[in-house]
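Summary of structural features
Here are the chains, one letter per residue:
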Amino acid sequence: MWYHKPAINEELLQSLPNLKVVASSGVGIDHLDLKLLSSYGVKVSNTPFIVSTDTADMGMALLLASSRRLVEGHEMAVSPDTEYFPADWLGVEVSGATLGIIGMGTIGYKVAERAKAFEMKILYHNRNQRKKEEENAVGAVYCKKIDDLLQQSDFVLLTVNLTPQTHKLIGKRELELMKPTATLINISRGLVVDQDALVEALQNKVIRAAALDVTYPEPLPRDHPLLKLKNVIITPHIGSATKKTRWVMMEEMAESIEAGLAGLPVPREVL
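Residues numbered from 1 in each chain as written. Predicted model: local features only at pLDDT ≥ 70, side-chain atom pairs only at ≥ 80, totals over all residues. Heavy atoms only, no water.

The name that an unreviewed UniProt entry assigns to the protein is Glyoxylate reductase/hydroxypyruvate reductase, with the source organism given as Irena cyanogastra.

Things to note about the overall build of the protein
The line we're drawing: Each helix is a run of DSSP H or I of at least 4 residues and each strand a run of E of at least 2, with the numbering of both proceeding from the N terminus. With C-alpha atoms as the basis for the radius of gyration, the globule rule is written as 2.2 Å multiplied by the number of residues raised to the power 0.38. Burial classification: accessible surface area is computed with a 1.4 Å probe over protein chains only, and a residue below 20% of its type maximum counts as buried, one above 50% as exposed, and the rest as partly exposed. Residue contacts are defined here by distance: any two heavy atoms, one from each residue, within 4.5 Å place the two residues in contact. In these tables, accessible area is a Shrake-Rupley quantity obtained with a 1.4 Å probe, and a residue counts as shielded only by the protein chains included in the view.
Tallying secondary structure elements over the protein gives 10 helices and 9 strands in all. Scaling as 2.2 N^0.38, a compact globule of 271 residues should have a C-alpha radius of gyration of about 18 Å, and the protein matches this with 20 Å. Principal-axis analysis of the C-alpha atoms places the extent of the protein at approximately 65 × 50 × 35 Å. When each of the 271 residues of the protein is scored for burial, the buried share is 45%. Put simply, 62% of the contacts in the protein that link residues at least 6 apart link residues at least 24 apart. Only carbon and sulfur atoms are counted for the fraction: they give 55% of the accessible area of the protein, which is about 14,700 Å².

Regarding the domain arrangement of the protein
As a reminder, the rule being used: Domain start and stop points were drawn from an automatic or database domain assignment. The buried area of a pairing is the accessible area, by a 1.4 Å probe, that goes missing from both parts when the two are put together, added over both. Salt bridges are defined as contacts in which a side-chain nitrogen from Lys or Arg sits within 4 Å of a carboxyl oxygen from Asp or Glu. Definition of a polar contact: a pair of N or O atoms within 3.5 Å, with one able to donate and the other able to accept a hydrogen when the atoms are protein atoms, and with sequence-neighbouring residues admitted only if both atoms are side-chain atoms.
When the domains of the protein are assigned, the result is domain 1 (10-49 + 241-262) and domain 2 (51-234). Taking the mean C-alpha position of each, domain 1 and domain 2 sit 30 Å from one another. In this complex, domain 1 contributes 10 residues to the contact, which on the side of domain 2 involves 5 residues. Of the roughly 700 Å² buried between domain 1 and domain 2, counting both surfaces, carbon and sulfur atoms make up 49%. Of the charged contacts, one joins aspartate 30 and arginine 189 as a salt bridge, the two residues approaching to 3.2 Å between their closest N and O atoms. At the boundary of domain 1 with domain 2, the tally comes to 5 residue pairs in polar contact (both at pLDDT 80 or more).

Overview of the pairing of strand β4 (residues 121-125)
Condition: Crossover handedness is defined here as right-handed if the route from the first strand over the helix to the second strand goes clockwise, with the strands pointing away from the viewer. A strand pair is defined by DSSP finding two or more bridges across the two strands.
Taking burial as the measure, the 5 residues of β4 include 4 buried ones, the bulk of the element. Following the chain from strand β3 (residues 98-102) across helix α5 (residues 106-117) to the adjacent parallel β4, one finds a crossover that is right-handed. As paired strands, β4 and strand β5 (residues 140-142) are joined by 3 bridges and run parallel to one another. Note that in β5 the partner of leucine 123 across the bridge is valine 141. Considered for its hand, the β-α-β crossover made up of β4, helix α6 (residues 132-138) and β5 is right-handed.

Thoughts on the UniProt feature "domain: D-isomer specific 2-hydroxyacid dehydrogenase NAD-binding" (unreviewed entry) in the protein
As a reminder of what qualifies: UniProt positions are given in the numbering used here, feature names are shortened, and annotations may be inferred rather than shown by experiment.
This chain's UniProt record puts "domain: D-isomer specific 2-hydroxyacid dehydrogenase NAD-binding" (unreviewed entry) on residues 60-239. Taken as a whole, residues 60-239 contains 32% helix and 16% strand, while its terminal C-alpha atoms sit 11 Å from one another.

Some remarks on the pattern of salt bridges
A full pass over the atoms with the stated rule returns 12 salt bridges. Salt bridges here are not isolated pairs; linked through shared partners, they connect Asp147, Arg173 and Glu174.

Observations concerning the packing of aromatic side chains
Note the following rule: Working definition: a ring pair exists when centres of Phe, Tyr or Trp rings (six-membered ring for Trp) sit within 6.5 Å. Plane angles under 30 degrees give stacked, over 60 give edge-to-face, the rest tilted.
Evaluation of the coordinates by the stated rule reveals 2 aromatic pairs. Ring centres of tryptophan 2 and tyrosine 3 lie 6.4 Å apart, and the angle between their planes is 75°; on these two criteria the pair is classed as edge-to-face. Overall, the relative accessible area of 28% leaves tryptophan 2 in the partly exposed class. Ring geometry for tyrosine 124 against tyrosine 142: centres 5.2 Å apart, planes inclined by 50°, an arrangement best described as tilted. Taken as a pair, tyrosine 124 in strand β4 and tyrosine 142 in strand β5 lie far apart in primary sequence, 18 residues in all.

So, empty space enclosed by the protein
Counted only if it meets this: Definitions used throughout: a 1 Å grid over protein atoms alone; a cavity as a set of points that fits a 1.4 Å probe which cannot get out; a pocket as an open set with protein on both sides within 12 Å along at least five of seven lines; a lining residue as one with an atom within 4 Å of a point. Grid points are joined across faces, edges and corners, and a volume is the space filled by probe spheres set on the points. Put simply, Ala, Val, Leu, Ile, Met, Phe, Trp, Tyr, Cys and Pro go in the nonpolar bin, Asp, Glu, Lys and Arg in the charged bin, and everything else, Gly too, in the polar bin.
Counted under the stated rule, the structure contains 1 cavity of 30 Å³ or more. Volume-wise, the largest cavity comes out at about 30 Å³. Around the largest cavity, the lining residues are Asn186, Gly190, Val193, Gln195, Leu198, Leu212 and Val214. Here the lining of the largest cavity is composed, by residue class, of 4 nonpolar, 3 polar and no charged.

Focus on helix α10 (residues 243-261)
Defined as follows: In this analysis, the expected span of each helix is defined as 1.5 Å times one less than the number of residues it contains. Read the arc as the range of directions from the helix axis to the C-beta atoms.
Taking 1.5 Å of rise per residue, 19 residues should cover 27 Å, and α10 covers 27 Å from first to last C-alpha, within 8% of that figure. Residues of α10 that are buried: Thr245, Arg246, Val248, Met249, Glu252, Met253, Ser256, Ala259 and Gly260. Within α10, the buried residues cover an arc of 165° as seen down the axis, which keeps them to one side. In α10, the exposed residues that point more than 90 degrees away from the buried face are Lys243, Lys244, Trp247, Glu258 and Leu261. Summarising the contacts, the buried residues of α10 are in contact with β1 (21-23), β2 (43-45) and α3 (52-67). Directly beyond the C-terminal end of α10, a positive phi value near 75° is found at glycine 263.

Brief notes about the nonpolar core
Rule in force here: Side-chain atoms within 4.5 Å link the members of a nonpolar core, which is a set of buried Ala, Val, Leu, Ile, Met, Phe, Trp, Tyr and Cys residues.
With 29 residues, the main nonpolar core has Ile102, Ile170, Leu175, Leu184, Leu198 and Leu226 as its most contacted residues. The set of elements that each furnish at least two residues to this core consists of α7 (146-152), β6 (155-158), α9 (195-203) and β8 (209-212). Broken down by element, this core gets its largest block of residues, 5 residues, from α9. Apart from residues no more than four positions distant in its own chain, isoleucine 102 is found in contact with His125, Ile146, Leu149, Leu150, Val156, Leu157, Leu158, Thr159, Val160, Leu169 and Ile170. Judged by nonpolar contacts, the second largest core, of 27 residues, contains Ala56, Met60, Val138 and Ile233.

Put into structure tokens, the structure is as follows:
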């Protein structure tokens, strides 16, 4: 499966009685009905580890691009109407700012490692607190309550899996808890954020900006209000989109398929 295609539904499973394994690219499995697949005796694999480094890089890239207004700056620099660069055209500081990471799994932790190099203060909210030595290595402070993280952070970065518990995790209430100078960065799944609430928050300056590698749907309709806002950066779900990572993803998928067909344990099987 690539970009959630083909759709693995009951009709497809009934038409493929000899199906043994579904190899899905990337880490997210929210598009798969694991109980349904299991009922047909089909195993599932994904490629969770190879994507983490590139996705963490993407998170930092979006943070930096948004804070320093790189997209707007590029448009100004190349515009045929530009006669001078205004002196009061300013971004916001990254060094010394507070980054709140929601979802401190492999990707979230790699983001924290990068943020430490930028001398950022790091808060995180996760289902489980990490080991003290892991926290100390990046200078991260655990927030048991998500509200505490939202209220203190200059940048809020989402790296959670999409589950029923994280569906629209960030909505109107959560956005209003954030600082009016804060930026929301989403490198997880579009449905983790209530998009209508985000549009309203950006339009009314409840928060400063958003930087999104994921939306719902993908791509957005061409008349969607998010596409018209200057304080938004949107990229086309390219967190893992480097040549090396995509090549290894395909190798891992092929390895899982070969193992499944041979009746061997499936590498990176999703249970």
